[in-house]
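# An overview of the molecular structure
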Amino acid sequence: MAVQAPIGMRARSQSQRRKRIVQTAAALALRGGVEAMQMRTVAERAGVALGTLYRYFPSKMDLVVAVVTEELDLLERSIIRRPPKAETAPGRTVDVLMRATRGLMREPELADALVRSLVMAEVKAELGRRVTDLLWSVATSAVPAAEDEERPEPDRDSDAYVLVSSLSSIWFFEMLEILKGERDLEEARRRLEIAAEPLLAGF
């Protein structure tokens, strides 16, 4: 009779397999955007069976969301390590948004994949809220001091949260304009600063 691996070992193995799949999908997106993230190709490159891939990610959109979430995790960790230094809420949020923009534009294909996923109806609410929550913590100086600390939950029904959400929507649009070649980084920063000042002046 086969001996089953301990539960903790199986969980680690599954976590590592999932991470390998996401990293493989991200690498494909870097070279060819969302279109290159074909499920069969991801499975082959990650060294897993196609059925295994679908157990982790039932659809291609679930995989896109995982790649985008990984990028947001990296951004959050960078903010904890290097918090924005501006004294005002508008200044801090624009600093973080531009940090995210510069990081993403180093890999335009991945940036394109991220922005496309953010405007798709199936995932817009989930990912949009994730970005808005991050901006909320920056605007209200509620960024954790360490990666293992819990971030306070924002009041998503408040008028203040709606204002932060509006700024994140403006950033999505600016990213689209940059990707289309209609905007450069300095112009995007200027427009974000103009928008952030009245929106977050009361923070």
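So, here's what we can say about the structure. (Residues numbered from 1 in each chain as written. Predicted model: local features only at pLDDT ≥ 70, side-chain atom pairs only at ≥ 80, totals over all residues. Heavy atoms only, no water.)

### Here's the deal with the pattern of salt bridges
Counted by the stated rule, this structure contains 11 salt bridges. A salt bridge links D133 to R156; the shortest N-O distance between them is 2.6 Å. Here R156 lies in the loop between α7 (121-139) and α8 (159-179) and D133 lies in helix α7, a separation of 23 residues in the sequence. By relative accessible area, which is 9% here, D133 ends up buried. Since its relative accessible area comes to 28%, R156 is described here as partly exposed. Residue R183 pairs with E174 through a salt bridge whose shortest N-O separation is 2.7 Å. Comparing R183 with E174 shows no difference in burial state: the two are buried. (Salt bridge = Lys/Arg side-chain N within 4 Å of Asp/Glu carboxyl O. Helix = DSSP H or I, 4+ residues; strand = E, 2+ residues; numbered from the N terminus. Buried < 20%, exposed > 50% of the residue type's maximum accessible area, 1.4 Å probe, protein only.)

### Some details on empty space enclosed by the protein
All chains considered together, the criterion is met by 1 cavity of 30 Å³ or more. Estimates place the volume of the largest cavity at around 40 Å³. Counting only elements with at least two residues in the lining of the largest cavity, the list comes to α4 (60-81), α5 (89-105) and α7. Per-class residue counts for the lining of the largest cavity are 9 nonpolar, no polar and no charged. (1 Å grid on protein atoms, 1.4 Å probe; cavity = no way out; pocket = protein on both sides within 12 Å on 5 of 7 lines; lining within 4 Å. Points joined across faces, edges and corners; volume = space filled by probe spheres on them. Nonpolar A, V, L, I, M, F, W, Y, C, P; charged D, E, K, R; others polar.)

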